[in-house]
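Chains, contacts and geometry: an overview
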Amino acid sequence: GHTKPVSNVIHLFDGQRIITCSLDGSLRVWNLESGEQIGNDWRDAESDVHTIALSPDGKNLASGSEDGAVRLWDVDTGKVISKWTGHTELVTSVCWCPDGQRVVSGSLDGTARQWNVKSGETILTPIETGHKEVEAVVYSPDTNKFATGGFDESFGPGDCSVKVWDAKTGDLITALKGHTDTVSCLAWGAELISGSADHWIRTWNTSTWEQIIGLNEHTAGVSAIAIHDRILASASHDKTVRLWNLDNSQPISSPLKHADTVSCVSFSAGGQLVATGCHDHNAYAW
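Residues numbered from 1 in each chain as written. Predicted model: local features only at pLDDT ≥ 70, side-chain atom pairs only at ≥ 80, totals over all residues. Heavy atoms only, no water.

1. Points about the overall build of the protein
Quick reminder of the rule: A run of H or I in DSSP becomes a helix once it reaches four residues, and a run of E becomes a strand once it reaches two; helices and strands are each numbered from the N terminus. To get the radius of gyration, use the C-alpha atoms; to get the globule rule, take the number of residues to the power 0.38 and multiply by 2.2 Å. Using a 1.4 Å probe on the protein chains alone, a residue whose accessible area is under 20% of its type maximum counts as buried, one over 50% counts as exposed, and one in between counts as partly exposed. Surface accessibility follows the Shrake-Rupley procedure with a 1.4 Å probe radius. Residue values consider only the protein chains on display as shielding. Just so you know, the count uses Lys and Arg for positive and Asp and Glu for negative, and it drops His and the chain ends. To locate a charge, take NZ of a lysine, CZ of an arginine, CG of an aspartate or CD of a glutamate.
Across its full length, the protein carries zero helices and 27 strands. For 286 residues, the compact-globule estimate of 2.2 N^0.38 gives 19 Å, and the protein sits close to it at 17 Å. By principal-axis analysis of the C-alpha atoms, the protein measures approximately 45 × 45 × 30 Å. Split into buried and exposed, the 286 residues of the protein put 55% on the buried side. A total accessible area of about 11,700 Å² is found for the protein, and carbon and sulfur atoms account for 47% of it. Once the 21 positive and 36 negative side-chain charges of the protein are each reduced to a mean point, those two points are 2 Å apart.

2. Digging into the sheet that holds strand β23 (residues 240-245)
Let me state the cut-off plainly: Here, strands pair whenever DSSP counts at least two bridges between them. Angles here are taken between N-to-C directions and fall from 0 to 180 degrees, while the axes themselves are lines fitted to C-alpha atoms, restricted in helices to the stretch in contact.
The strand order β21-β22-β23-β24 describes an open sheet built from four strands, whose pairing is antiparallel. The open sheet has two edge strands, β21 (222-228) and β24 (250-257), and neither has a second partner. Across the sheet, the mean angle from the axis of one strand to that of its neighbour is 20 degrees, orientation sign disregarded. Taken together, the five bridges between β23 and β24 define a ladder with antiparallel strand orientation.

3. What about the pattern of salt bridges?
Definition in use: In the sections that follow, a salt bridge refers to a side-chain nitrogen of Lys or Arg positioned within 4 Å of a carboxyl oxygen of Asp or Glu.
Scanning the entire structure with this criterion turns up ten salt bridges. The residue Arg-28 makes a salt bridge to Asp-41 at a minimum N-O spacing of 3.0 Å. On the criterion of sequence distance, the pair formed by Arg-28 in strand β3 (residues 27-31) and Asp-41 in strand β4 (residues 37-42) is long-range, its members being 13 residues apart. Using a relative accessible area of 29% as the deciding quantity, one classes Asp-41 as partly exposed. When the shortest N-O distance is used, the salt bridge between Arg-230 and Glu-191 registers 2.8 Å. Linking Arg-230 in the loop between β21 and β22 (231-236) with Glu-191 in the loop between β17 (183-188) and β18 (192-196), this pair joins segments that are 39 residues apart in sequence. On the accessibility criterion, Arg-230 (26% relative accessible area) is partly exposed.

4. Details of the sheet that holds strand β19 (residues 201-204)
One open sheet accounts for four strands, arranged β17-β18-β19-β20; its pairing is antiparallel. The sheet is open, and its two borders are formed by β17 and β20 (211-215), each paired with just one other strand. Neighbour to neighbour, the strand axes of the sheet diverge by 20 degrees on average, direction disregarded. Of the strand pairs in this sheet, β17 and β18 are connected by five bridges, and their pairing is antiparallel. The residue of β18 that forms the bridge with Leu-186 is Ser-194.

What follows is the structure, encoded as structure tokens:
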């Protein structure tokens, strides 16, 4: 299939298909049962695609690319509906607001931008996050806040913070300290969860902003996390995906072993299936 590492994977709501994106510049749709590609590659530019996110209604897809653009795709046709420009460097992360009206994007240019999906305009001004590079963005379930994580210039204990922003005003609410290396991924459910190149996964209470737990079973950097109900899946450069019970912080099952770095992980809508993308150019369903 892909000719370069798979950078992200998502399940479509029908439970039959997944979509992958890759540094080879393409998005591809796959039949989960047969493992066959459905239709042609989706392409818009010869630019590495680093991230994709599915809209809450499952009809559209947002992607972030090396050329700094965020693109809105129609899932049925595989075509680009609109292209949003503003970031000056690679877009590392995109997240849909649960209301479906907005998308937040993070970039190596150090900014996060909120986009109005209908107009394609930036909402507020771009947020200078204070991260040298933004690696992860996520909206809160109540849509009022979003969090950013990334690489922070000054290195020292607790210097790579997770920052929480007011989505309506763009103001910084708090900075969560604990990670000692790049914060590479975020997820937000009942709690805010961060994964880092420091090998740790940390969960944060969203009323007190205190750390609840730290998970450090991975032996290399954490590259991606996903949650379904109270189950957390984490992907890592240690070539494994681990599943955790968030209620007791215990691992569920033994690690899912891969041939190379695991770059992404996604739950199916019902939570029964996990899909992963790997630097060996393949995607896997478990």
